Amino acid sequence: MSKQYPGGLITKTPVVPTQVAASGVWTLDQQAYWQKLGQWPAPPYQISRSLRFNGADSTKLTRTPSSSTSSTLGTFSFWTKLGPLVSGSNNGTFISAADSYAYGQFYQNTLYFGNTTNYLNTTAVFRDFSAWYHIVFVFDTTQATSTNRLKIYVNGVLQIAGSLASYPTQNASFPFLNGTQQYQIGGNGLGSSVEYYNGYMTEINFIDGQALTPSSFGYTEPATGVWTPYVYTGSYGTNGFYLNFSDNSNTTAATLGKDNSGNGNNWTPNNFSVTAGAGNDSLVDSPTSYGTDTGAGGTVRGNYCTLNPLSNTSGTWSNGNLQFVGPNDWRRSNSTIAVSTGQWYWEVTLGNAPYSPRNSSSDYNAFGFGLSTVFGSTTNPGTQTDALVLRDNGYYKNFSGASTNGGVTLLSGDVLSIAVDLDANTFTFRVNNTSLVTGTIGGTVGRELTPIFISFDGTYGVMYANFGQRPFAYTAPSGYKALCTQNLPTPTIGAASATLANKYFNAIAYSGNGSQSVTGVGFQPDWVWVKSRSSAVYNHQLHDAVRGATAGALFSNLTSAQDNLYQFDSFDSDGFTTDASNIVGINNSGETFVAWNWKANGAGVSNTAGSITSTVSANTTSGFSVVTYTGTGANATVGHGLGVAPKFIITKKRSSTSNWATNDPSQSNPFSGALLLNSTNAFVSSTAVWNDTAPTSTVFTIGTADATNISSATYVAYCFAPIAGFSAFGSYTGNSSTDGTFVYLGFRPAYMMIKASNAIEDWAIMDVARSPYNGVNLWLNAEDTSADATLTPPQFDFNSNGMKLRGTSSTVNATGTTYIYMAFASNPFKTSLAR
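I will try to describe carefully the structure that is included in this document.

Conventions adopted
Counting restarts for each chain, with residues numbered from 1 along the sequence as it is written. It should be noted that, the model being predicted, local features are given only for residues of pLDDT at least 70 and side-chain atom pairs only at 80 or more, the latter also being counted only at that level, while totals for whole chains, interfaces and linings use all residues. No hydrogens and no water enter the side-chain calculation; it runs on all heavy atoms of the structure. When two rings of Phe, Tyr or Trp (its six-membered ring) have centres within 6.5 Å they constitute a pair, described as stacked for plane angles under 30 degrees, edge-to-face for angles over 60, and tilted for the intermediate range. In DSSP terms, a helix is any run of H or I states spanning at least four residues, a strand is any run of E spanning at least two, and both are numbered starting from the N terminus. Only protein chains enter the accessibility calculation, which uses a 1.4 Å probe; a residue whose area is less than 20% of its type maximum is buried, one above 50% is exposed, and one in between is partly exposed. Two thresholds decide whether a charge sits over a ring: the Lys NZ or Arg CZ must be within 6 Å of the ring centre and within 35 degrees of the ring normal. Here, any two strands with at least 2 DSSP bridges between them count as paired. Here a polar contact is taken to be a pair of N or O atoms separated by no more than 3.5 Å, where protein atoms must pair a possible hydrogen donor with a possible acceptor and residues adjacent in sequence count only if both atoms sit in side chains. In what follows, residue pairs with any heavy atoms lying within 4.5 Å of each other are defined as contacts.

1. Describing the packing of aromatic side chains
Counted according to the given criterion, the structure contains 68 aromatic pairs. With a centroid separation of 5.8 Å and an interplanar angle of 75°, the aromatic rings of Phe 367 and Phe 429 are classed as edge-to-face. Of this pair, Phe 367 sits in strand 24 (residues 365-371) while Phe 429 sits in strand 29 (residues 426-431), and the two are 62 residues apart along the sequence. Accessibility classification places Phe 367 together with Phe 429 in one group, the buried group. Directly above the aromatic system of Tyr 200 lies the positively charged group of Lys 81, at a separation of 5.7 Å from the ring centroid. The ring of Phe 399 has Arg 447 sitting right over it, with the charged end atom 4.2 Å from the ring centre.

And the structure:
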């Protein structure tokens, strides 16, 4: 029997999958089974609730087992979403043995698992506040190999041991949840040094007496490529337990702390609340997305919007990142979700009375929607021009318009709400469900907006956010939705439609073997960009299917014409084959390489949309095309085949020497001049490159510059249009801080190339193939032959919804410098886990 599976044709006999493969991926015969049914198990398991842990409230769960069991084997699995940082760079303790100093916790942004004698931490850092992590701690001191005795997995991946690794001796006792002392979830119980956990937890499993892998609790979902919860079906052992917090009818051990394993090993909740309102710690924020939004709040499940501590460099976030106050100065916090279409509703509750007497300058806090591109704002809400906000003095501000008096005095306990229709570009503010004002959102239609708080301090008008993770005080208007990943638009790439992002862009790191073939791309690429990582001798090599495999390479670091000494034999179904006579700089033995690969649409077809006939290989799904044309020496247009206007274009003259030219997305007119890919130079204004004309949905315009349009010269252009959830092209401003700018992308990046627009700096290229975990510490320069630069400290984090700058290199983060970027996704934010 043959079945069509997204990865290719399956010729397996369908069988019922009784368990996920050890690798965490459905086997081919299991894939065939689901394909026969005509659907994927999406999801095979649904997590209904999570519990919010607040260090300020000393929240924790406690239990003291009545008997001891094996102290050599055990597995602790849970899902968590980070809350606000406490104790400097620590988020506190997940789980602890109160008397033996055995615990799992965050330690300086790494994960730590162990006790005072035997312990393990991770090389990777974890500081993504926007999505869920799956974490598994495993101890098995019976193992003969010491490094197998303690293990940490995140999102199904075994973590590399960090600098604190000290493994137990074989068969040593490791009293983790299996003794008769008190154990705590959410605290470490160590007196003055207690570190309560701040964040959300759910789906907590402890398996007493077994050392398991993550595949007992999750799997890689074929249609999205994302690690996904899976129901645990094995035995728990004597002291094992399973907490999912599904019963929030009370805060007793038999309800909120109920063990659902069948063992009856209930946990006692301490200081949690399930009372309706801002203090409710039982929320429907979940790592599984499902349900239909009724508008009531607290119903549909998924990863909910919270305020994002990465969006400003000061202020205080609390209550699961649903509250923010400024540091005795104006500060703004953006949120973790941004939207540009649809109808959205959220509420805030005033926690104490605003300043009195009410006047135009008596505001301390404001809430609403603002541009997602704003970082680290210190602007007074009464004068800002990049947001729509209602202030706690009753005035509202609509982007660049004047402050308007709403005519109301707000009181402690008042519920304020905003409903925005981004399709009609309208808004409504309400106070206790009574309309205060309805109008048209100021500024440009179609911008990406995110919920925001603006706060001076916590003295007056503290606001508590509710994006729908608990019941709304008032039902949202008909058709308006909570800000949750379940409600986000389904992306065309990377969604649950078997259209994975890595089928359109993929970065692979490989070691040269002296042969011709390079595999592992996962598709037949139409543009391949290769660089030696280990050598500073070899040029960047760029090959594409429109010029042809044998046409020869172009070099991003040189002005020279294409050189057929460095040619391919072919573009293959899983990579490419180099010419046997010359593999130097692309696959020679003893070198390491990276290849960045894009999917267009094969060899190309004739396009007559422009005044110049071009040959175009266009992929309208991924917003990428390869275009070749012959210059005329006069202003002209060239068809690009994308169907929408490209936002970023790279051109190179093939037939003789010239600079590489790109436009600059940071300019008010992005096609008013050029940056040179082969140069560190800043942007230069010139009408000759693009004729000072923006592209249309069918053509881009060229002037008379050598880099784009000399008579009879042949050219290649690589054209990119942004695709929501897959690609982005924009700009940001540096701040020279290790707590640097956060760039919202709407996806978890797999690749970024960054260049300073107004300064002489390198073109820096980063990817997850070379830096598979945070912080991202390797880059290559597009304009020179340098090898991988290892940066200390790492300069970036690639997070579930964007990029956070973590270093101070002027190449990417100088104060006041404007940087442009092109970015491609691993996963859209709708389905991403935290990284």
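Read on for the rest.
2. Digging into the sheet that holds strand 52 (residues 747-756)
Taken in spatial order, the six strands make up an open sheet running 50-58-52-53-54-55, and their pairing is antiparallel. Only two strands of the sheet have a single partner each, and these edge strands are strand 50 (727-733) and strand 55 (789-790).

3. Details of the environment of Ser 311
If you trace the backbone, Ser 311 turns up in the loop between strand 19 (282-283) and strand 20 (316-318). With 429 residues separating them in the primary sequence, Ser 311 and Gly 740 have C-alpha atoms 8.9 Å apart. Polar contacts involving the side chain of Ser 311 include one to the main-chain carbonyl oxygen of Asn 308, which spans 2.8 Å. Reaching out from Ser 311, the side chain makes a polar contact with the backbone nitrogen of Asn 334 at a distance of 2.9 Å.

4. A short note on unusual backbone geometry
Here the amide bond leading from Asn 774 into Gly 775 is cis, since omega sits at -5°, within 30 degrees of zero. Topologically, Gly 775 is positioned in the loop between strand 53 (763-767) and strand 54 (778-781). Here the bond from Thr 792 into Pro 793 is cis, since omega is -5°, no more than 30 degrees from zero. Positionally, Pro 793 belongs in the loop between strand 55 and strand 56 (796-798). Non-glycine residue Asn 171 carries a positive phi angle of around 70°. A relative accessible area of 49% places Asn 171 in the partly exposed class. A positive phi angle, near 50°, is found at Asn 319, a position not held by glycine. You can call Asn 319 buried: its relative accessible area is 18%.

5. Describing the environment of Asp 784
With respect to the helices and strands, the residue Asp 784 is situated in the loop between strand 54 and strand 55. Measuring from C-alpha to C-alpha, the distance between Asp 784 and Phe 555 comes to 9.6 Å, with 229 residues separating the pair along the chain. With residues up to four places along the chain from it excluded, the contact list for Asp 784 reads Lys 531, His 540, Asn 557 and Asp 762. A distance of 2.6 Å separates a polar atom in the side chain of Asp 784 from a polar atom in the side chain of Ser 786.

6. Considering the pairing of strand 5 (residues 73-82)
Side-chain positions along a regular strand alternate between the two faces of the sheet. Most of strand 5 sits out of view: ten of its ten residues are buried. Pairing between strand 5 and strand 10 (residues 133-140): eight bridges, direction antiparallel. By the bridge assignment, Trp 79 is partnered in strand 10 with His 134. Sheet analysis places strand 5 next to strand 14 (residues 199-208), joined by eight bridges and oriented antiparallel. Residue Thr 80 lies in a different strand from strand 14, and its bridge partner there is Met 201.

From the geometry alone we can't say anything about function, so treat these as descriptive.
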